[in-house]
Amino acid sequence: MKTNRIVIVQCRLSSTRLPGKALKDLAGKPLLAWVLSSMKKVKADYYYVATDSDSYEQLLPVCRDYGFKCFAGPLDDVLSRFTMLLDTVKAKTVIRATADNPFLFYEAAEESAELFEEKNKGKSTCDYLTYSGLPHGSGVEVFSADSLKKAASETTDPYDHEHVGPALYNHKDRYNCEFIPAPNRYNFPDFRTTIDTYSDYLRAVSIMNYMKAHNYQGPFTTEEIMEACRSNTVKYPVVLVPSVVKGHGTGHLRRCLSAALQGGFFVYIPDDKSLAETDTIVAEYVNEGLSKNQIINSIPDESYLPAIITDTFELTENQLKELSKNRSLISIDEGSRYTEYCDYLLDIIPSYKCERLANKTDSSFITMPQNIRNQSNSEAEKIVERVLICLGGEDPANLTMPAAQAFRKKFPDAKITAIISNADNPYVDYAGGPNIEFIKPIPGLREKLFEYDIVVTHYGLTAFEAVYAGCGVILLPTTKLHRKLAEKYDFAFVGDKKISDSALEAALTSENLYAKKTDDTETGGEKKSLSAFLRLLAAGKRMPCPVCGKLPSQPDLVISRNESRTYRRCASCGMVYMAFTTIEDKKYQKAYFFEDYKKQYGKTYEEDFDSIKAQGMRRAGIIKTLCGTGNTESEKNIFDIGCAYGPFLAAATDSGFNPFGTDISEDAIAYVQKKLKYPAVCSAFPDIDTAEEFGIAQFDVVTMWYVIEHFKDLGSVLRKVSSIVKKGGLFAFSTPSGEGVSAVSDKDHFYQISPTDHYTIWEPSRANEILRLFGFKVERIVSTGHHPERFPSIKKSGAKPGSLKWKLVEAQSHAKRLGDTVEIYCRKI
Ligand SMILES: [Zn+2]
């Protein structure tokens, strides 16, 4: 049936930002092919690609494959290209798409064409129509062929001629142009699917990776496209940076390629790589299903790259600085001295702990072999019939041959296999010698290790895999560090470069020959998915100092690292803050009080009301003393931020103050207003105008009890507090102490158990320095939360409450302000 429609896909190969873009490979097809197959879903009589004569020949085969005709016209005067094409066909309605949009909403295109035709059925006319609100790059334009021809003849504006739509919609006095808000099912203006820049192209590759993983073949439906756009694969792209430097072994590259294959990540391989095996190894993984599009040779800008994950042995300070610029930097097994640049450190191969702490150390991310040796023979009678010498695909210290000869001498009847990387290796001459076989690197070596009685290797992945496969393992350390590692992790090793008989004998009789499995008791030896964990890390957020609000040019000193967070000390203000987290933001709703509170304290907040109020009475007493009026002739206004169900408001009232409260929880505020009948407003501080809400611009006292640590924008919070406290008035707050016994005796444990929504950790000794920035002077610090049982001496001695020891420790806790919480009272000056 005739539709009187023509679909025109505008395309040229001379894109400046991405030359040859339309024919660039995207998931195994030229980009243009995805556009054409999508537009073919829109009903029409004619399907054309409109291009210029220079691009024509190259585009023709793709057009043919997808049922499009190719039309060549002027390069820059696209408007004339369109009108010339329209002169050759009989069509009323033109549906225009561009070749840089592989994720077009064809359903929306069809609907908007129908809507356009509907509008032109009556007397009124519509010359141009498009849906607005689609992702940038998923929409089309519909217009009347006759109107376009007319408009073209009327305009001489070069802009109108270079583009097409403006000839109509920039002349609304003459043409009726409609931008219709798209129905909800197509309305996603915050997403971008077009391919204009290299970053856009990488996003498209991520979308395609998602499609492939879910077996969506294309042309893709709107639902499939949006599902992909919202997925973590697309939202949190990852670029893995493996070492491809000669001398570092092939393990880093393999680990990254394997994670990329599973997780849909990009792998950065620079053109100046020196690891000879790189291309062969990459080809191996491409064979297994890794998309070639996932291998990139430049690190793109941050517009589509929140996370870089390095696996490079040892980076220089400059490299770390460059890679960490404006995006998260996560490093695996990083040996650099400059790891302050890293937001997160993951150690998989247990490293020799020099001075740095990793966020997580977990050898269960090593992919362990499935094939395990039969362990039935008794340890003493292990027979050596097959020996594998595998020095990491490379052999920088030339140890392969000496090792092979030493083993041949020791076990004349054993078969010795040595892996060497290239066929030109001089050792090849020795091939075929008595019982020594030289072979090229074996793909999937991990699953073949179990065939060998003894594996001779360097400290690294193969060593751990061989231990798991149940082989005898002998390391050949080439550096002091590797020797230390071999000792620390109980490997048998030959430290002698000549591989002397005595050194070999010592290794063979070492009780560590059949090394104990590494300490993965914590996970029960369960294998973990590295790619899934890296995806989680990639979704993590780097955060600036909440007080200063901006990221420093040099990384702040790391205070502590743990599995989900990294804490640093701000070089500018001294605050300890959460600088990186993989935990999603918490929403303070009703559930916070009813469930979280109960989880933490074993009773509901309301049940706890009276004991919290009692604390409030004590605090109100201190405030009263500091107010120092001496008489109560005028009641003072006190504003409690984060007042919850109002226990402090009740205490303040009983102490003679006028209470005002605010909290983010609607439920709590409703309780305060209705049950307690105090003035209170539900708001997210600092977004409150107290003058408007309470008729009070400045208070005598502002308080925050266990609230201050929850603000990510503490700087603006403190500025606001400062503005609503009268000169000479007080600001008082309580918070966990970064100098209490728990923090002092086991710092990393303290940060580990610090709630994930505490963004700042206050150290009483530095509080004045920070508060001074906001016009406050600390008047009094009260150390609270004294717990003798948390002191190492009580833990060790097991002293009971009431004992002399206990009492002494308790006194010491008070005297030295070692309480785990602190109250800080300061005056506006
Ligand atoms: Zn700061």
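Now for a quick tour of the structure. What you are looking at is a predicted structure, and each value in this text was computed from that prediction instead of being measured.

A few words now on the overall build of the chain. Secondary structure assignment for the chain yields 29 helices and 34 strands. Along the longest, intermediate and shortest principal axes, the C-alpha atoms of the chain span 95 × 95 × 40 Å. For the chain, the residues scored as buried account for 54% of the 829 residues in total. If you take every contact in the chain between residues at least 6 apart in sequence, the share linking residues at least 24 apart comes to 67%. Accessible area of the chain: about 37100 Å², with a carbon and sulfur share of 50%. Treating the 103 positive side-chain charges of the chain as one cloud and the 108 negative ones as another, the clouds have centres 3 Å apart.

For the rest of this paragraph, the subject is the pairing of strand 18 (residues 415-419). Burial of strand 18 is extensive: four of the five residues sit out of reach of the surface. Strand direction decides the pairing type here: strand 17 (residues 386-390) and strand 18, joined by five bridges, are parallel. In the sheet register, C390 faces strand 18, and the bridge partner there is I419.

Bringing the coordination of the zinc ion into the picture now. Taken together, the protein donors to the zinc ion comprise C545 (SG), C548 (SG), C570 (SG) and C573 (SG), at separations of 2.3 Å. Taken together, the four donor atoms coordinating the zinc ion span angles of 102 to 117° at the metal, a pattern that classifies the geometry as tetrahedral. When the donors of the zinc ion are listed by position in the chain, the intervening gaps give C-x2-C-x21-C-x2-C. Highlighted residues: C545 in the loop between strand 23 (541-542) and strand 24 (557-561) and C570 in the loop between strand 25 (565-569) and strand 26 (576-581), separated in sequence by 25 residues. The residues C545 and C570 share a single accessibility class, namely buried.

Turning next to the pattern of salt bridges. This structure, assessed with the given rule, holds 39 salt bridges. Between D200 and R203 there is a salt bridge whose closest N-O contact spans 3.0 Å. Here D200 and its partner R203 are both found in helix 8 (residues 198-213), three residues apart, which amounts to about one turn of the helix. Of the two residues, D200 and R203, neither departs from the other in class, the shared state being buried.

It is worth spelling out the sheet that holds strand 28 (residues 657-663) at this point. Taken in spatial order, the seven strands line up as 29-28-27-30-31-34-33 in an open sheet, and their pairing is mixed. Looking at which strands have only one partner, the edges of the open sheet turn out to be strand 29 (680-682) and strand 33 (776-784). On average, each strand axis in the sheet is inclined to that of its neighbour by 15°, with strand direction left out of account. Where strand 27 (residues 636-641) meets strand 30 (residues 699-705), three bridges bridge the pair, whose relative direction is parallel. Its bridge partner lying in strand 30, I638 is registered against V701. Strands strand 27, strand 28 and strand 30 of the sheet are contacted by helix 21 (residues 647-654), whose axis makes an angle of about 170° with strand 28.

Thresholds, definitions, all that
Residues numbered from 1 in each chain as written. Predicted model: local features only at pLDDT ≥ 70, side-chain atom pairs only at ≥ 80, totals over all residues. Heavy atoms only, no water. Helix = DSSP H or I, 4+ residues; strand = E, 2+ residues; numbered from the N terminus. Buried < 20%, exposed > 50% of the residue type's maximum accessible area, 1.4 Å probe, protein only. Contact = heavy atoms within 4.5 Å. Areas by Shrake-Rupley, 256 points an atom, 1.4 Å probe, with all protein chains shown as cover. Lys, Arg positive; Asp, Glu negative; His and termini not counted. Charge placed at Lys NZ, Arg CZ, Asp CG, Glu CD. Pairing = 2+ DSSP bridges. Donors = N, O, S within 2.8 Å, 3.2 Å for Na, K, Ca; no water. Tetrahedral: all angles 85-135°; square planar, octahedral: opposite > 155°, others 65-115°. Salt bridge = Lys/Arg side-chain N within 4 Å of Asp/Glu carboxyl O. Axes fitted to C-alpha atoms, helices over the stretch in contact; angles between N-to-C directions.

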